[in-house]
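One-letter residues, chain by chain:
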Amino acid sequence: LIRMPAGEFEMGAKNGDSDEKPVHRVRISKPFLLAKYPVTNAEYEKYLQATPKAKRPFFWDNSQFNDPQQPVVGISWEEAQAFCKWAGGRLPTEAEWEYACRAGSQGEYCFGDTEAELENYAWYDKNSGGKLQRVGQKKPNAWGLHDMHGNVWEWCHDVYGPYDATAQVDPKGSALGTVRMFRGGSWDGDARN
């Protein structure tokens, strides 16, 4: 785990979809911990062994998705929550996730605005070879986090909903709805995502 400092940032995307707007000021008032890498199949296997009632991931027996060093895929938000509780942590809020991903950058990506640099930081449709990759092979962001922009989508604690235009302190997302947030990008997604 890596300690993320408290701080402020501009949340949202100037050139993004309507649900990524408006860009608004957010203050994260307390430091928090975030995993250096996405949770791997090897880590999730330890959870499954310790928790007999836990459900195996949907793609667990698919050789394209079950390398021990690949990020675990095919789990629900509830299963991600249960894993985090077992591991002594929690899912980040969407604001915490974006703050950690940006790592102080004001650009569209953690490294700025140049899409051509994305291949150095993320696995996505143009460089993944059409498959999920092992964690940690690309450059980390400035705070040492790997695979934030690609390889696998990452669950957040929040319910999906619109952004508030006013400045926020430790926002928790929408109070209404049932669809949960995920962030990042995927090995089969485009650079915009």
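Our subject is the structure listed above.
Residues numbered from 1 in each chain as written. Predicted model: local features only at pLDDT ≥ 70, side-chain atom pairs only at ≥ 80, totals over all residues. Heavy atoms only, no water.

Chemist: Mind laying out the pattern of salt bridges, listing which residues take part and the relevant values?
Modeler: Going through the model one piece at a time under the given rule, you end up with nine salt bridges. Residue R25 is joined to E8 by a salt bridge in which the shortest nitrogen-to-oxygen separation is 3.1 Å. Residue R25 is located in strand β3 (residues 24-28), and its partner E8 is located in strand β2 (residues 7-11); the two are separated by 17 residues in the primary sequence. Note on R25: relative accessible area 35%, which makes it partly exposed. R25 is paired through a salt bridge with E10; the nearest N and O atoms lie 3.0 Å apart. Here R25 is found in strand β3, whereas its partner E10 is found in strand β2, with 15 residues between them in sequence. (Salt bridge = Lys/Arg side-chain N within 4 Å of Asp/Glu carboxyl O. Helix = DSSP H or I, 4+ residues; strand = E, 2+ residues; numbered from the N terminus. Buried < 20%, exposed > 50% of the residue type's maximum accessible area, 1.4 Å probe, protein only.)

Chemist: Which residues make up empty space enclosed by the protein, and what are the values?
Modeler: Within the structure shown, the criterion is met by two cavities of 30 Å³ or more. When its volume is computed, the largest cavity comes out at roughly 70 Å³. Class assignment for the residues of the lining of the largest cavity results in two nonpolar, three polar and four charged. Approximately 30 Å³ is the volume found for the second largest cavity. The wall of the second largest cavity is formed by C110, Y121, K139, P140, N141, L145, H146, D147, M148 and H149. Across the lining of the second largest cavity, the residue classes break down as five nonpolar, three polar and two charged. (1 Å grid on protein atoms, 1.4 Å probe; cavity = no way out; pocket = protein on both sides within 12 Å on 5 of 7 lines; lining within 4 Å. Points joined across faces, edges and corners; volume = space filled by probe spheres on them. Nonpolar A, V, L, I, M, F, W, Y, C, P; charged D, E, K, R; others polar.)

Chemist: A description of the layout of surface pockets should follow, citing residues and the corresponding values.
Modeler: Quantified by volume, the largest pocket comes out at close to 1,100 Å³. Along the walls of the largest pocket sit 42 residues, with Y37, P38, V39, C84 and L91 positioned nearest its centre. When contributions to the lining of the largest pocket are tallied by element, the ones reaching two or more residues are β4 (32-34), α1 (41-50), α2 (77-87), α3 (94-102) and β5 (154-159). In terms of residue count, α2 provides more of the lining of the largest pocket than any other element does, four residues in total. If you add up the space inside the second largest pocket, you get close to 880 Å³. In this structure, the second largest pocket is lined by 37 residues; those nearest its centre are E20, R183, G184, R192 and N193.

Chemist: Please set out the sheet that holds β2 residue by residue, giving values where relevant.
Modeler: Taken in spatial order, the three strands line up as β2-β3-β6 in an open sheet, and their pairing is mixed. Edge strands, defined here as strands with exactly one partner in the open sheet, are β2 and β6 (168-169). Where β3 lies against β6, two bridges are found, and the strand directions are parallel. Note on β6: the bridge partner recorded for R27 is V169. The strands touched by α3 are β2 and β3; relative to β2, the strand with the most contacts, the crossing angle is about 95°. (Pairing = 2+ DSSP bridges. Contact = heavy atoms within 4.5 Å. Axes fitted to C-alpha atoms, helices over the stretch in contact; angles between N-to-C directions.)

Chemist: Give me the lowdown on the nonpolar core, citing residues and values where you can.
Modeler: In terms of nonpolar packing, the biggest core is built from 18 residues, with M4, I28 and L145 touching the most fellow members. Mapped onto this core, the elements with two or more residues apiece are β1 (2-4), β2, β3, β4 and α3. Here this core takes five residues from α3, the largest share from any one element. With near-sequence residues (within four places) excluded, L145 lies in contact with I2, M4, L34, A35, K36, A100 and P140. Y47, L48, W60 and A80 belong to the second largest nonpolar core, which has 12 residues in total. (Core = buried A, V, L, I, M, F, W, Y, C linked by side-chain atoms within 4.5 Å.)

Chemist: Let's hear about the packing of aromatic side chains: which residues, and what values?
Modeler: How two aromatic rings sit relative to each other is given by the distance of their centres and the angle of their planes. Counted by the stated rule, this structure contains 15 aromatic pairs. Between the aromatic rings of Y109 and F111, the centroid separation amounts to 5.0 Å while the plane-to-plane angle is 5°, which identifies the pairing as stacked. The buried category is assigned to Y109, whose relative accessible area is 10%. Counting every residue linked through ring pairs, the aromatic cluster contains Y44, Y47, W60, F83 and W86. If you follow K138 out to its NZ or CZ, it ends over the ring of W123, 4.2 Å from the centre. (Phe/Tyr/Trp six-rings, centres within 6.5 Å; stacked < 30°, edge-to-face > 60°. Lys NZ or Arg CZ within 6 Å of the ring centre and 35° of its normal.)

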